[in-house]
Amino acid sequence: MVDEQNRTLPIANVGRIMKQILPPSAKLSLEAKQRMQECATEFISFVTSEASDKCHRENRKMMTGDDICRALSALGLDNYAGAIVRYLHKYREAERERVIASQNKATSSSRDEDIEESDQSGQPSLQADETPTPLMNIFI
């Protein structure tokens, strides 16, 4: 059987999330944090179980964010599903941009290395933002 502590959210994280909505002077009892921890854990288990069942029926081993969104809708939690779908879309877009930026950075540093190598060989070098012109190709 799974250890109970491994199935729950960290109580410090639960308390931090709860405090975000409360006035700065508000205090939270340990009991309030524990009850919220239990509720959040049960909610996550409930939604995950629904998504897992769907994946099992479709003979899939991997659960995706889309499965969680569909599970929320199937459980009648359409308001949550809509918000999660919007968040998932923004997250995927940010990830795409991050990957593109890292690829551009790698390409740029590779191009800079090529430029530095041509400097050492005594050939004219290009600036990073400069493209070769036909006249420059004579010298390269």
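Residues numbered from 1 in each chain as written. Predicted model: local features only at pLDDT ≥ 70, side-chain atom pairs only at ≥ 80, totals over all residues. Heavy atoms only, no water.

Draft legend 1. The pattern of salt bridges, seen in detail. Summed over the entire model, instances satisfying the criterion amount to eight salt bridges. Note that E58 and K54 form a salt bridge whose closest N and O atoms lie 2.3 Å from each other. With relative accessibility at 22%, the residue K54 sits in the partly exposed group. (Salt bridge = Lys/Arg side-chain N within 4 Å of Asp/Glu carboxyl O. Buried < 20%, exposed > 50% of the residue type's maximum accessible area, 1.4 Å probe, protein only.)

Draft legend 2. Up close: unusual backbone geometry. Located in the positive-phi region is N59, a residue other than glycine, with phi close to 55°. Residue position: N59 is located in the loop between α2 (30-57) and α3 (65-74). For N59, a relative accessible area of 72% corresponds to the exposed category. (Helix = DSSP H or I, 4+ residues; strand = E, 2+ residues; numbered from the N terminus.)

Draft legend 3. Up close: the nonpolar core. Judged by nonpolar contacts, V47, A51, A71, L72 and A81 together constitute the single largest core of five residues. Once you skip the residues sitting within four places of it in the chain, L72 turns out to touch F43, V47, L77, D78, Y80, A81 and I84. (Core = buried A, V, L, I, M, F, W, Y, C linked by side-chain atoms within 4.5 Å. Contact = heavy atoms within 4.5 Å.)

Draft legend 4. Local environment of the packing of aromatic side chains. Per the stated rule, a full pass over the model turns up two aromatic pairs. Each ring, one from Y87 and one from Y91, has its centre 6.5 Å from the other, and the planes form 20°; the classification is stacked. Taken as a pair, Y87 and Y91 lie in helix α4 (residues 78-120) at a separation of four residues, close to a single helical turn. For Y87, a relative accessible area of 55% puts it in the exposed group. On the basis of relative accessible area, Y91 is assigned to the partly exposed category, the value being 43%. (Phe/Tyr/Trp six-rings, centres within 6.5 Å; stacked < 30°, edge-to-face > 60°.)

Draft legend 5. Layout of α2. An ideal rise of 1.5 Å per residue puts 40 Å on 28 residues; α2 measures up with 40 Å between its terminal C-alpha atoms. Every buried residue belonging to α2 is among Q37, T41, V47, A51 and C55, and all of these are buried. Against the buried residues of α2 lie α1 (11-21) and α3. One or two steps after α2, the chain reaches N59, where phi turns positive at roughly 55°. (Expected span 1.5 Å × (residues − 1).)

Draft legend 6. Quick look at α1. Along α1, the positions that sit buried rather than exposed are V14, G15 and M18. Along α1, the residues classed as buried sweep out an arc of 95° about the axis, all on the same side. Facing away from the buried side of α1, by more than 90 degrees, are the exposed residues I17 and Q20. On its buried side, α1 packs onto α2. (Arc of directions from axis to C-beta.)

Draft legend 7. Molecular detail of the packing of α1 against α2. Direction vectors running N to C along α1 and α2 enclose 100°, while the axes themselves pass 9 Å from each other. By the criterion of interaxial angle, the relationship of α1 to α2 is roughly perpendicular. Contacts from I11, V14, G15 and M18 in α1 reach L30, A32, K33, Q34, M36 and Q37 in α2. Looking at side-chain class alone, the contact of α1 with α2 contains six nonpolar, three polar and one charged residues. (Axes fitted to C-alpha atoms, helices over the stretch in contact; angles between N-to-C directions. Parallel < 35°, antiparallel > 145°, perpendicular 65-115°, else oblique. Nonpolar A, V, L, I, M, F, W, Y, C, P; charged D, E, K, R; others polar.)

Draft legend 8. Structural detail: the packing of α2 against α3. Between α2 and α3, the shortest axis-to-axis distance is 8 Å and the interhelical angle comes to 105°. When the axes of α2 and α3 are compared, the pair comes out roughly perpendicular. Touching F43, V47, E50, A51, K54 and C55 of α2 are D67, I68, R70, A71, L72 and A74, all from α3.

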